[in-house]
Amino acid sequence: DQQVKQNSPSLSVQEGRISILNCDYTNSMFDYFLWYKKYPAEGPTFLISISSIKDKNEDGRFTVFLNKSAKHLSLHIVPSQPGDSAVYFCAAGRIQGAQKLVFGQGTRLTINP
Amino acid sequence: GAGVSQTPSNKVTEKGKYVELRCDPISGHTALYWYRQSLGQGPEFLIYFQGTGAADDSGLPNDRFFAVRPEGSVSTLKIQRTERGDSAVYLCASSHTGGVSYEQYFGPGTRLTVT
């Protein structure tokens, strides 16, 4: 049962343009969502999060949008830079209990010069 | 300050052997998590510690897997009678309990290969 899904295994974007990464979830009990970025041979690095009571959170070039009715979230990166090339994971969690994260499969983003 | 560290970075072992993977969380973080990441997948939850106790071990795949955190800081994940299917990257993460963004800080992982 894949509770968090990233249906695009890869995405290629030109430098300077907008990158949009998508994520869908099935469990309406999730209270918060996070995006992580991962380089090879490194652990995931936190990028940005959003509470389920909000629909948008912005931090510099990164904005996360949450559509609860559609159970969908997206990460926008504007403008895209070569250093943004990495694998991006969305994750979801609940405030109650262990606060363990449920991850999607990841999307490999490549920024082309 | 120092981030989460994990040792060894790589471990190759033969099928049937016992292995221990170590995690040093960020100082002061009371919550510690172990995840496992297989090729092409996202990390999957294994076990969660709050202080010294395993508060949730629902992700451990079977009784060959065990983890401890005796003093509420360093944690060791132990795998008995390793199988080839145990090959994966084992990630450790720590966090403040009830932090504002519920962010977990991950270590670089231990790549386990069972031959």
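Here we summarise the structure given alongside this text. This is a predicted model, so every value here is computed, not measured.

## Thoughts on the overall build of chain B
Next up, step 1: Each helix and strand counted, chain B has 0 helices and 11 strands in total.
Next up, step 2: Along chain B, from the amino end to the carboxyl end, the secondary structure elements read β-β-β-β-β-β-β-β-β-β-β.
Next up, step 3: In terms of overall size, chain B behaves like a compact globule, its C-alpha atoms giving a radius of gyration of 13 Å where 115 residues would be expected to give roughly 13 Å.
Next up, step 4: Seen through its principal axes, chain B has C-alpha atoms that stretch 40 × 25 × 20 Å.
Next up, step 5: A sequence separation of at least 24 residues applies to 53% of the contacts in chain B between residues at least 6 apart.
Next up, step 6: When the accessible surface of chain B is totalled, it reaches about 5500 Å², and 48% of it is carbon and sulfur.
Next up, step 7: Computed over 11 positive and 11 negative side-chain charges, the separation of the two mean positions in chain B equals 8 Å.

## Some points on the overall build of chain A
Next up, step 1: Assigned secondary structure in chain A consists of 0 helices and 11 strands.
Next up, step 2: Along chain A, helices (α) and strands (β) appear in the sequence β-β-β-β-β-β-β-β-β-β-β when read from the amino end.
Next up, step 3: A globule of 113 residues ought to have a C-alpha radius of gyration of about 13 Å, and chain A, at 13 Å, matches this closely.
Next up, step 4: Taken over the C-alpha atoms alone, chain A extends approximately 45 × 30 × 20 Å along its principal axes.
Next up, step 5: When the 113 residues of chain A are sorted by exposure, 44% land in the buried category.

## Some thoughts on the pairing of strand β4 (residues 32-38) of chain A
One face of the sheet, then the other: side chains in a regular strand alternate in exactly this way.
All names here are of chain A.
Next up, step 1: Burial analysis of β4 places 7 of its 7 residues in the buried class, the great majority of the element.
Next up, step 2: Alternating positions in β4 separate into two faces, Y32, L34, Y36 and K38 on one and F33, W35 and K37 on the other, with burial throughout.
Next up, step 3: Note that β4 and strand β5 (residues 45-51) share 6 bridges and pair antiparallel. In the strand pairing of β5, W35 is matched with I48.
Next up, step 4: Between β4 and β5, which pair antiparallel in sequence order, lie 6 residues; one of them, A41, sits at a positive phi of approximately 65°.
Next up, step 5: Taken together, the 7 bridges between β4 and strand β9 (residues 86-93) define a ladder with antiparallel strand orientation. Its bridge partner lying in β9, L34 is registered against A91.

## Notes on the nonpolar core
Residues and elements named next belong to chain A.
Next up, step 1: Within the largest apolar cluster, 23 residues are counted, with the highest numbers of intra-cluster contacts made by F33, W35, L73, L75 and Y88.
Next up, step 2: Broken down by secondary-structure element, the contributors of at least two residues to this core are β3 (19-25), β4, β5, β7 (62-67), β8 (72-77), β9 and β11 (107-112).
Next up, step 3: Here this core gets 4 residues from one element, more than from any other, and that element is β9.
Next up, step 4: Sequence-distant contacts of L75, defined by excluding residues within four places in its chain, comprise S19, I20, L21, W35, L47, I48, F62, T63 and Y88.

## Re the interface of chain B and chain A
Next up, step 1: Taken residue by residue, the interface counts 20 residues in chain B and 19 residues in chain A.
Next up, step 2: Of all residues in chain B, B:P43, B:Y102 and B:F106 bury the most surface against chain A, accounting for 32% of the area lost on that side.
Next up, step 3: Linking chain B with chain A are 1 salt bridge.
Next up, step 4: At the boundary of chain B and chain A, one finds 5 residue pairs in polar contact (both at pLDDT 80 or more).
Next up, step 5: For the side of chain B that touches chain A, the element with the highest residue contribution is strand β4 (residues 31-37) of chain B, accounting for 3 residues.

## Here we look at the sheet that holds β8(A)
Adjacent strands of a sheet pair through backbone hydrogen bonds, lying either parallel or antiparallel.
All names here are of chain A.
Next up, step 1: Taken together, the 5 strands give an open sheet; going across it, the order is β1-β3-β8-β7-β6, and neighbouring strands pair in antiparallel fashion. The open sheet has two edge strands with one neighbour each: β1 (4-5) and β6 (56-59).
Next up, step 2: Pairing of β7 with β8 involves 6 bridges; the strand directions are antiparallel. Looking across to β8, one finds that F65 is bridged to S74.

## Focus: the sheet that holds strand β1 (residues 5-7) of chain B
Residue and element names in this part refer to chain B.
Next up, step 1: With antiparallel pairing, the 4 strands of this open sheet are ordered in space as β1-β3-β8-β7. Two strands close off the open sheet at either side, each with one partner strand: β1 and β7 (65-68). Averaged over neighbouring strand pairs, the angle between their axes works out to 15° when direction is ignored.
Next up, step 2: Bridge count between β7 and strand β8 (residues 75-79): 4 bridges; the pairing is antiparallel. Counterpart to A67 in the pairing with β8 is L77.

Calculation criteria
All chains use their own residue numbering, which begins from 1 and follows the written sequence. Going through the entries in the order they are written, you letter the chains from A and number the ligands from 1. In keeping with the model being predicted, local features are shown solely for residues with a pLDDT of at least 70 and side-chain atom pairs are shown and tallied solely at 80 or more, while totals for entire chains, interfaces and linings include all residues. Based on all heavy atoms of the structure, the side-chain values leave hydrogens and waters out of the count. Strands here are runs of E lasting at least two residues and helices are runs of H or I lasting at least four, both read from the DSSP assignment and numbered beginning at the N terminus. For the radius of gyration, the atom set is restricted to C-alpha positions; the globular benchmark scales as 2.2 Å times the number of residues to the power 0.38. Contacts: residue pairs with any heavy atoms within 4.5 Å of one another. For the accessible areas, the method is Shrake-Rupley and the probe is 1.4 Å, while residue cover comes only from the protein chains on display. Only four residue types enter the charge count: Lys and Arg as positive, Asp and Glu as negative, with His and the chain ends excluded. Note that the charge is assigned to NZ on lysines, CZ on arginines, CG on aspartates and CD on glutamates. Think of it in three bands: residues with accessible area under 20% of the maximum for their type are buried, residues over 50% are exposed, and the middle band is partly exposed, with areas taken using a 1.4 Å probe on protein chains only. Following DSSP output, two strands are said to pair if at least two bridges run between them. Residue types Ala, Val, Leu, Ile, Met, Phe, Trp, Tyr and Cys, when buried and joined through side-chain atoms within 4.5 Å, form a set referred to as a nonpolar core. Values labelled buried area give the accessible surface lost by two parts on being combined, using a 1.4 Å probe and summing over both. Only one rule defines a salt bridge in this text: a Lys or Arg side-chain nitrogen within 4 Å of an Asp or Glu carboxyl oxygen. Here a polar contact means two N or O atoms within 3.5 Å. Within protein one must be a hydrogen donor candidate and the other an acceptor candidate, and residues neighboring in sequence count only if both atoms are side-chain atoms. Only the contacting stretch of a helix is used when fitting its axis, a line to C-alpha atoms as for every element, and angles between N-to-C directions run 0 to 180 degrees.

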